[in-house]
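# Residue-level structure breakdown
Below, each chain spelled out in residue letters.
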Amino acid sequence: MNVVLFGPPGAGKGTQAKELSKHYGIPHISTGDILRANVSKGTDLGKKAAEYMNKGELVPDDVLIGIIKNRLAEPDCKAGFLLDGYPRTIPQADALSGILNDINMPLEVVLNITVPDEELVTRLSGRYSCKCGESYHIKFNPPKKAGICNVCGGELYQRDDDKEDVIRQRLVSYKKNTQPLIDYYEEKGILVNIDGTGGIDEVFGQIINVLDQYK
Ligand code: AP5
Ligand code: MG
Ligand code: ZN
């Protein structure tokens, strides 16, 4: 199945994608994780991306389109994929549709996870992340041992862009650049809304009810 997990910062895209990837055996492709890996390795791409990410702005489209084109060409995507954090602009969505047409794997469903703004701020300001890609919440999803990742034993940290002023800027950028994609995919008839306000397991249940139809 070829799926986009769509939604504002903090909606739960990464949390759900991790579990869905295990459940369906298809890769979770997070452009945010790919960019952060480059930032921590200090690559040229990472240095350029960090300037935008730390301000809560989008990294330029040409950079992202290149990243996603290479990633989708990898063999593990042949059985399908879960995109998280891409596309975020109309040009990115148009590029995606061209890339997928070329490999004859059209997008099947875009899951739009909806959560009110104030809840997003609460979720992001209490989030702790791990380098392995897991994320936790101090109240809603605490790790078994404070400050330590359940999965890899790594030390948890707060993302640089999870400070309240940057969170607000990410929400502004989402509304301006990314929200228009809801109409874009609705017109294509592949948008499904998911109420993201319930607990993590409850949201997961709603999503697999939808995705089981595409197995
Ligand atoms: P990215 O890493 O994609 O960040 P984001 O979209 O801002 O989304 P988040 O990762 O913050 O939220 P999420 O929906 O994954 O939530 P999570 O599951 O962690 O992008 C970062 C930056 O990279 C961008 O700002 C941009 O600069 C750049 N970038 C990336 N892609 C780009 C692109 N395509 N184009 C241009 N620039 C790009 O959950 C959040 C918290 O809530 C966690 O603590 C979690 O435990 C908790 N939680 C999750 N679900 C629930 C629930 N149901 N109930 C209670 N708590 C919950
Ligand atoms: Mg994420
Ligand atoms: Zn970890």
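Scroll up for the structure.
Here's what I pulled together on the structure shown here. Predicted model, so just to flag it, every value in this text is computed and none were measured. Each residue is numbered by its place in its chain's sequence as written, counting from 1. To label them, take the chains in the order written and letter them from A, then take the ligands in the order written and number them from 1. Two thresholds apply to this predicted model, a pLDDT of at least 70 for residue-level local features and 80 or more for giving and counting side-chain atom pairs, whereas whole-chain, interface and lining totals are computed over all residues. With hydrogens and water stripped out, all remaining heavy atoms of the structure feed into the side-chain values.

A few words now on unusual backbone geometry. Residue P87 is bonded to the preceding Y86 through a cis peptide linkage, with omega at 0°. With respect to the helices and strands, P87 occurs in the loop between β3 (81-84) and α5 (90-102). Even without being a glycine, N104 presents a positive backbone phi close to 60°. Considering the arrangement of structural elements, one finds N104 in the loop between α5 and β4 (109-114). Each helix is a run of DSSP H or I of at least 4 residues and each strand a run of E of at least 2, with the numbering of both proceeding from the N terminus.

Looking now at the environment of L100. In this fold, L100 is placed in helix α5. Residues L100 and K69, spaced 31 residues apart in sequence, show a C-alpha to C-alpha distance of 9.1 Å. Contacts of L100, omitting those with residues within four sequence positions, involve L72, F81, M105, P106 and L107. In what follows, a contact means two residues having at least one pair of non-hydrogen atoms within 4.5 Å.

Three labels apply to residues, based on accessible area from a 1.4 Å probe with only protein chains included: buried if under 20% of the type maximum, exposed if over 50%, partly exposed otherwise in between. The two faces of β3 match: F81 and L83 on one face and L82 and D84 on the other face are all buried. Strands qualify as paired when DSSP identifies two bridges or more between them. Inspection of the sheet shows strand β1 (residues 2-6) paired to β3 by four bridges, in the parallel sense. Directly across from V3, in β3, lies its bridge partner L82. Note: strand β2 (residues 28-30) against β3, three bridges, orientation parallel. Paired with H28 across the strands is L82, a residue of β3.

This next bit is on the site of ligand 1. The near set for a molecule or strand comprises every residue that places at least one heavy atom within 4 Å of it. Surveying the vicinity of ligand 1 reveals 35 residues, the closest of which are T15, E57, R88, R127 and R170. Two N or O atoms form a polar contact when they lie within 3.5 Å of each other; inside protein one atom must be a possible hydrogen donor and the other a possible acceptor, and for residues adjacent in sequence the pair counts only when both atoms belong to side chains. Within the contact set of ligand 1, a nitrogen atom lies 2.8 Å away from a side-chain nitrogen or oxygen of T31. Within the side chain of Q92, a nitrogen or oxygen atom sits 2.9 Å from a nitrogen atom of ligand 1. Bound to the protein, ligand 1 loses 97% of the 1000 Å² it would expose on its own. Among the secondary structure elements, those contributing two or more residues to the shell around ligand 1 are α1 (13-24), α2 (31-41), α6 (117-125) and β6 (135-137). Each accessible area value is a Shrake-Rupley result obtained with a 1.4 Å probe; residue values ignore everything except the protein chains displayed when judging cover.

Moving on, we come to empty space enclosed by the protein. Put plainly, a pocket is an open set of points on a 1 Å grid over the protein atoms alone with protein on both sides within 12 Å along at least five of seven lines, a cavity is a set where a 1.4 Å probe fits but cannot get out, and a lining residue has an atom within 4 Å of a point. Grid points are joined across faces, edges and corners, and a volume is the space filled by probe spheres set on the points. Tallied over the full model, the rule gives one cavity of 30 Å³ or more. By volume, the largest cavity is sized at about 60 Å³. Lining the largest cavity, in full, are L5, F6, G7, K13, G85, Y86, P87, R88, Y174 and T178. When residues of the lining of the largest cavity are traced back to their parent elements, those giving at least two are β1 and α7 (164-178). For the lining of the largest cavity, the per-class residue count stands at five nonpolar, three polar and two charged. Throughout this entry, Asp, Glu, Lys and Arg are counted as charged residues, while Ala, Val, Leu, Ile, Met, Phe, Trp, Tyr, Cys and Pro are counted as nonpolar. The remaining residues, Gly among them, count as polar.

It is worth spelling out the packing of aromatic side chains at this point. Planes of paired rings set the category: under 30 degrees apart is stacked, over 60 is edge-to-face and the rest tilted, where pairs are Phe, Tyr or Trp rings (Trp by its six-membered ring) whose centres lie within 6.5 Å. By the definition in use, this model includes two aromatic pairs. Seen from their ring centres, F6 and Y174 are 6.2 Å apart, and the 50° between their planes marks the pair as tilted. In this pair, F6 sits in strand β1 while Y174 sits in helix α7, placing the two residues 168 residues apart along the sequence. Y174 shares its class with F6; the two are buried. Aromatic pair Y184 and Y185: ring centres 4.9 Å apart, planes at 80°, arrangement edge-to-face. The class for Y184 is buried, based on a relative accessible area of 13%. According to the relative accessible area criterion, Y185 is buried, its value standing at 2%. Seen from the ring of Y157, K131 lies directly overhead, with NZ or CZ sitting 4.4 Å from the centre. The rule is short: NZ of Lys or CZ of Arg within 6 Å of the ring centre and within 35 degrees of the ring normal puts a charge over the ring. Across the ring face of Y184, the terminal group of K188 is positioned such that the distance to the ring centre comes to 4.8 Å.

Turning to the sheet that holds strand β7 (residues 191-195), a few remarks are in order. Spatially, β2-β3-β1-β4-β7 is the arrangement adopted by the five strands of the open sheet, whose pairing is parallel. Each end of this open sheet is capped by a strand with a single partner; those strands are β2 and β7. The average undirected angle you get between the axes of adjacent strands in this sheet is 25°. Two strands pair when backbone bridges link them, and β4 and β7 are joined in this way by five bridges, in the parallel orientation. When the sheet's bridge partners are listed, N112 is paired in β7 with N193. Between N-to-C directions, angles span 0 to 180 degrees; the directions come from axes that are lines fitted to C-alpha atoms, helices contributing only their stretch in contact.

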